Amino acid sequence: MAKMQLHFNGNFSLKKEEIKRILEAASEEKGLKDTLENLMTKTGLGNAKVGKIKSWATRAGLVKDNYLSPEGKIVLKYDFSLKSNITDWLMHFYLSFGNEGLKQIPENPAEWGGWTYFIYTFLPENPTFSKNDLFQNSISIFEEPAKVIPERFKYILRAYTEPQALANCQIIQEIKTDKYQTGKTKLPNDYLIGYFLAKLWERDFNQETSVLTDDIFSQKMGIIPVLGIQSETLQQHLNRMESLGIIEQRRTVAPYQIICRWDQPIKLLEKAYGNNQ
């Protein structure tokens, strides 16, 4: 059985305003290696909270080795208050991989914990669900006691439904008390989708300059499930990415191919903020 790996946050929910304070501290000379007392003073976060909010920021891809990650630097530069839909989606993207980031993926998403299981296994199979559905499906998968599973999963559900977290992505919607649905995501712009595509390409296809379109559509823990969309919707975004010069498509004769035309994925992230209308 797998471990949930959802104790990183203690009992603190995802709140972007608190993550912003951690990012500001991480941008300074000593970063998050500063003393606990200094970090508490700088962030206004209590003794028990500093490390847990740092864990949120790290899992969300914004902090690495006690300093801002390249993505975190761009976020702080273009979206200091963390209000942008681009930032919400960026955080979701990295949170969806648990604590493993863009490493070679496991055979079973649950091996990377509850968050990865939720995004890459549970949601694709359950477009509508109740809290109890999620909990009951998880009991046989994770080794934690049955009473612990609801307690830990509530932080994922809150992350995607609370305004101070990632609700603006609309990955799930609470349609009535303890009942949820998917399928109405508020997608980011095509530069950010291009950034996700580029990072997943880097992970799975390494230095290849062209990949079969079907391999992108069927990519395990890939662009379709992380965006919560269907292949038809992805194709529309691929067409727009082609018009932006992010990719080229060869669709005259099967098998269709996608050719990457980006230089560095991080540049697509910067363009995502510059073109966020």
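A brief look at the structure comes next. (Residues numbered from 1 in each chain as written. Predicted model: local features only at pLDDT ≥ 70, side-chain atom pairs only at ≥ 80, totals over all residues. Heavy atoms only, no water.)

1. Let's talk about the overall build of the protein chain
Looking only at helices and strands, one finds 13 helices and 8 strands in the protein chain. On C-alpha atoms alone, the protein chain measures out to a radius of gyration of 19 Å, which is about the 19 Å that the 2.2 N^0.38 rule sets for 277 residues. Taken along the three principal axes of its C-alpha coordinates, the protein chain extends 60 × 45 × 30 Å. A total of 277 residues make up the protein chain; the buried ones form 52% of that total. Excluding contacts between residues fewer than 6 apart, the proportion of contacts in the protein chain whose partners are at least 24 apart in sequence is 64%. Within the structure as shown, the protein chain displays about 13,000 Å² of accessible surface, and the carbon and sulfur contribution to it stands at 46%. Within the protein chain, the 33 negative side-chain charges are centred at a point lying 4 Å from the centre of the 35 positive side-chain charges. (Helix = DSSP H or I, 4+ residues; strand = E, 2+ residues; numbered from the N terminus. Rg over C-alpha atoms; globule rule 2.2 N^0.38 Å. Buried < 20%, exposed > 50% of the residue type's maximum accessible area, 1.4 Å probe, protein only. Contact = heavy atoms within 4.5 Å. Areas by Shrake-Rupley, 256 points an atom, 1.4 Å probe, with all protein chains shown as cover. Lys, Arg positive; Asp, Glu negative; His and termini not counted. Charge placed at Lys NZ, Arg CZ, Asp CG, Glu CD.)

2. So, the sheet that holds strand β5 (residues 179–181)
Taking strand neighbours across the sheet as the criterion, the 3 strands line up as β3-β5-β4 in an open arrangement whose pairing is antiparallel. Looking at strand neighbours, the two that pair on one side only are β3 (128–130) and β4 (173–176), the edges of this open sheet. With direction set aside, neighbouring strand axes in the sheet form an average angle of 35°. In this sheet, β5 lies alongside β3 in antiparallel orientation, the contact comprising 3 bridges. Following the sheet pairing, Ser130 is matched in β5 by Lys179. Packing of helix α7 (residues 131–139) onto the sheet brings it into contact with β3 and β5, and relative to β3 it is tilted by some 80°. (Pairing = 2+ DSSP bridges. Axes fitted to C-alpha atoms, helices over the stretch in contact; angles between N-to-C directions.)

3. Examining the packing of aromatic side chains
Here the structure, examined in full by the defined rule, presents 20 aromatic pairs. With 5.9 Å between their ring centres and 10° between their planes, Tyr78 and Tyr273 make a pair best called stacked. One end of the pair, Tyr78, is in helix α4 (residues 70–78); the other, Tyr273, is in helix α13 (residues 265–274), with 195 residues separating them in the sequence. Given a relative accessible area of 36%, Tyr78 falls into the partly exposed group. You can call Tyr273 buried: its relative accessible area is 9%. Taking 6.3 Å as the distance between ring centres and 65° as the angle between the ring planes, the aromatic pair formed by Phe142 and Phe153 counts as edge-to-face. (Phe/Tyr/Trp six-rings, centres within 6.5 Å; stacked < 30°, edge-to-face > 60°.)

4. What to know about the nonpolar core
In terms of nonpolar packing, the biggest core is built from 88 residues, with Ile19, Leu23, Trp115, Phe118 and Phe153 touching the most fellow members. Among the elements that take part in this core, helix α9 (residues 190–205) stands out by supplying 10 residues, more than any other. For Leu23, the contacting residues outside a window of four places in its chain are Ala57, Leu62, Val63, Leu68, Val75, Leu76 and Leu82. (Core = buried A, V, L, I, M, F, W, Y, C linked by side-chain atoms within 4.5 Å.)

5. Describing α13
Every buried residue of α13 is accounted for by Pro265, Leu268, Leu269, Ala272 and Tyr273. One side of α13 carries all its buried residues, which in axial view fall inside an arc of 145°. Looking at the packing, one finds that the buried side of α13 touches α4, α5 (85–95) and α9. (Arc of directions from axis to C-beta.)

6. So, the pattern of salt bridges
A side chain of one charge can pair with a side chain of the opposite charge when the charged atoms of the two come close. Under the defined criterion, the tally for this structure stands at 18 salt bridges. Notably, a salt bridge pairs Lys49 with Glu18, separated by 2.5 Å at the nearest N-O pair. Placement of Lys49 in helix α3 (residues 47–59) and of Glu18 in helix α1 (residues 16–26) is noted, with a sequence separation of 31 residues between them. The closest approach of N and O atoms between Asp204 and Arg203, which form a salt bridge, is 2.8 Å. On the basis of relative accessibility, which here comes to 31%, the residue Asp204 falls in the partly exposed class. Of the residues examined, Arg203 reaches a relative accessible area of 13% and is grouped as buried. One connected set of salt bridges, linked through shared partners, spans Glu28, Asp34 and Lys42. (Salt bridge = Lys/Arg side-chain N within 4 Å of Asp/Glu carboxyl O.)

7. Concerning the packing of helix α6 (residues 114–125) against α7
Where α6 meets α7, the closest approach of the two axes is 12 Å, and the angle between their N-to-C directions is 100°. The angle between α6 and α7 places the two elements in the roughly perpendicular class. Across the interface between the two elements, Tyr117, Phe118 and Phe122 from α6 touch Asp133, Leu134, Asn137 and Ser138 from α7. Of the residues assigned to the contact of α6 with α7, the class counts are 4 nonpolar, 2 polar and 1 charged. (Parallel < 35°, antiparallel > 145°, perpendicular 65-115°, else oblique. Nonpolar A, V, L, I, M, F, W, Y, C, P; charged D, E, K, R; others polar.)

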